[in-house]
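Architecture and fold: a report
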Amino acid sequence: MFTIFTLVISITFFKTNAQEISFSSKNLRIKSKEITLSGTIYGVKSPKAGIILVHGSGQELRMKEFATTLAKSGYTVLTYDKRGVGESEGVYAGPEVGTNNIDSTNLDLLAEDVDAAVNVLSQKIKNKKTKIGLMGFSQAGWIIPIAANKNKKVDFMVIFSGALISTKEQLRFQFYTNGDTDFWKKHTEKDAREHIKNDTDRYEFINTDPVYTLNKLSIPGLWIFGGKDIQVPVNLSIEILEEVNKKGKQFQHKLYPDLGHNTAATENQETIKEALNWINRL
């Protein structure tokens with residue numbers, strides 16, 4: 001049976017201390033080519049922006065708690081069950097079912113789902129001047145740029161702990177760290193980069209390099225990283241992002257040295273606040 005490491009993120013959502021904004025929620029269906037996704041839209045009267053939430057890896061349901069929090073903060077949010085999960089149609093790909101979820105075919109399918117969600121959200125927002133963006137976690141770092149390139153209605157993107165290296169390179173790094181929380185106490189940045197560059201691939205599949213797609217985009221983006229991440233080589237990813245930026249891109253990043261992979265799960269809420277403040281400045 002074919003198995004593969006995945007980018008898994010567990011999210012603990014923050015509670016806003018600001019005055020909460022009233023919102024409505026409504027379940028809906030999203031037609032994405034041959035399947036129908038099941039989701040919920042959380043709407044506010046005059047949204048600061050519209051946001052589609054994009055899953056990390058794993059059998060992920062719609063992110064109701066996070067969407068509720070964002071709606072209370074003034075955003076209209078669309079979230080849905082991942083394809084093949086919950087009430088959504090389609091076939092889920094992942095190690096739990098013995099298939100490869102980072103093959104380019106699957107990443108493109110997931111990006112098609114995001115594309116369809118953008119079209120639905122854009123129809124629901126009455127003020128066409130309202131910006132629409134993609135916000136996602138971990139594996140979404142590969143999916144979001146593909147979706148943004150497909151759909152010109154996307155105005156911005158926010159990515160938590162998303163890799164800037166290719167999918168095959170990512171696997172090399174994850175096999176090397178092997179879930180060891182003390183990895184960075186035992187290895188240097190040089191060690192990790194040498195391994196990523198030279199390790200033998202354990203699986204053969206069509207590789208995806210996010211830089212190829214990012215070079216096509218002109219929208220602003222924000223990446224939030226944790227310095228102790230053992231699933232994403234953060235320093236290398238930042239270096240790559242800065243190289244892409246030299247081509248006139250509007251990409252920014254924020255590094256939290258003491259955080260790991262779950263950058264959206266901070267007790268002090270700083271990473272989410274950073275993301276929302278960045279969106280508000282657009």
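In the block above lies the structure referred to throughout.
Read on for a plain summary of the structure. Keep in mind the model is a prediction, meaning the values are calculated, not measured. (Residues numbered from 1 in each chain as written. Predicted model: local features only at pLDDT ≥ 70, side-chain atom pairs only at ≥ 80, totals over all residues. Heavy atoms only, no water.)

The helix and strand tally for the chain stands at nine helices and eight strands. Against the compact-globule benchmark of 19 Å for 282 residues, the chain has a radius of gyration of 18 Å, which places it among compact chains. C-alpha atoms of the chain, sized along the principal axes, occupy 50 × 40 × 35 Å. Of all intrachain contacts in the chain linking residues separated by at least 6 positions in sequence, the fraction that spans at least 24 positions is 76%. Both charge centroids of the chain, one from 36 positive and one from 32 negative side chains, sit 9 Å from each other. (Helix = DSSP H or I, 4+ residues; strand = E, 2+ residues; numbered from the N terminus. Rg over C-alpha atoms; globule rule 2.2 N^0.38 Å. Contact = heavy atoms within 4.5 Å. Lys, Arg positive; Asp, Glu negative; His and termini not counted. Charge placed at Lys NZ, Arg CZ, Asp CG, Glu CD.)

On to the side chain of Ser-237, then. Structurally, Ser-237 is set in helix α8 (residues 234-245). Reaching out from Ser-237, the side chain makes a polar contact with the backbone nitrogen of Leu-164 at a distance of 3.2 Å. Sequence-distant contacts of Ser-237, defined by excluding residues within four places in its chain, comprise Ala-163, Leu-164, Ile-165, Phe-225 and Val-232. (Polar contact = N/O pair within 3.5 Å; in protein donor to acceptor, adjacent residues only side chain to side chain.)

All right, on to the sheet that holds strand β6 (residues 156-160) then. Pairing is mixed across the open sheet formed by eight strands, whose spatial order is β1-β2-β4-β3-β5-β6-β7-β8. Both edges of this open sheet fall to β1 (24-32) and β8 (251-256), since each of them pairs with a single strand only. On average, adjacent strands in this sheet sit at an angle of 20 degrees to one another, irrespective of strand direction. When strand β5 (residues 132-137) meets β6, the two strands line up parallel, connected through five bridges. Paired with Leu-134 across the bridge in β6 is Met-157. Sitting on the sheet, α8 touches β7 (221-226) and β8, and the angle it makes with β8 is about 160 degrees. (Pairing = 2+ DSSP bridges. Axes fitted to C-alpha atoms, helices over the stretch in contact; angles between N-to-C directions.)

Take the nonpolar core next. Side chains of a nonpolar character, in soluble globular proteins, are inclined to be buried together. Among the nonpolar cores identified, the biggest contains 57 residues, and Ile-30, Ile-52, Leu-78, Leu-134 and Trp-223 are the most heavily contacted of them. Beyond its immediate chain neighbours, meaning those up to four positions away, Leu-134 contacts Ile-52, Val-54, Val-114, Val-118, Ile-144, Ala-147, Ala-148, Val-154, Phe-156, Met-157 and Val-158. (Core = buried A, V, L, I, M, F, W, Y, C linked by side-chain atoms within 4.5 Å. Buried < 20%, exposed > 50% of the residue type's maximum accessible area, 1.4 Å probe, protein only.)

What follows is about helix α1 (residues 64-72). Of the residues making up α1, those classed as buried are Phe-66, Ala-67, Thr-68, Thr-69, Leu-70 and Ala-71. Against the buried residues of α1 lie β2 (35-43), β3 (50-54), β4 (76-80), β5 and α9 (270-280). Two residues or fewer past α1, Gly-74 is found with a positive phi of approximately 105 degrees.

Before going further, it helps to spend a moment on the environment of Leu-241. Within the secondary structure layout, Leu-241 lies in helix α8. Sequence separation between Leu-241 and His-187 is 54 residues, and the spatial gap between their C-alpha atoms is 23 Å. If sequence neighbours within four positions are ignored, Leu-241 has contacts with Leu-164, Trp-223, Phe-251, Gln-252 and His-253.

Turning our attention to the pattern of salt bridges. This structure, assessed with the given rule, holds 15 salt bridges. Where Asp-81 meets Arg-62, a salt bridge forms, and the shortest distance between an N and an O atom there is 3.0 Å. A residue pair is termed long-range when its members are at least 10 positions apart, and Asp-81 in the loop between β4 and α2 (104-124) and Arg-62 in the loop between β3 and α1 qualify at 19 residues. Of the two residues, Asp-81 and Arg-62, both sit in the buried class. In this structure, Arg-83 and Asp-113 form a salt bridge, with 2.8 Å as the shortest nitrogen-oxygen distance. Here Arg-83 is found in the loop between β4 and α2, whereas its partner Asp-113 is found in helix α2, with 30 residues between them in sequence. A relative accessible area of 4% means that Arg-83 is categorised as buried. (Salt bridge = Lys/Arg side-chain N within 4 Å of Asp/Glu carboxyl O.)

Let's shift gears to the packing of aromatic side chains. Evaluated as defined, the whole model comprises ten aromatic pairs. Judged by centre distance (5.6 Å) and plane angle (50 degrees), the rings of Phe-66 and Phe-137 are tilted. Highlighted residues: Phe-66 in helix α1 and Phe-137 in strand β5, separated in sequence by 71 residues. Judged by its relative accessible area of 0%, Phe-137 falls in the buried class. An aromatic cluster is defined as three or more aromatic residues linked by ring pairs; in this entry it consists of Phe-173, Tyr-176, Phe-183 and Trp-184. Lys-168 extends its terminal NZ or CZ atom over the ring of Phe-205, reaching a point 5.6 Å from the ring centre. Geometry around Tyr-256 places Lys-254 over its ring, the cationic atom sitting 5.8 Å from the centre. (Phe/Tyr/Trp six-rings, centres within 6.5 Å; stacked < 30°, edge-to-face > 60°. Lys NZ or Arg CZ within 6 Å of the ring centre and 35° of its normal.)

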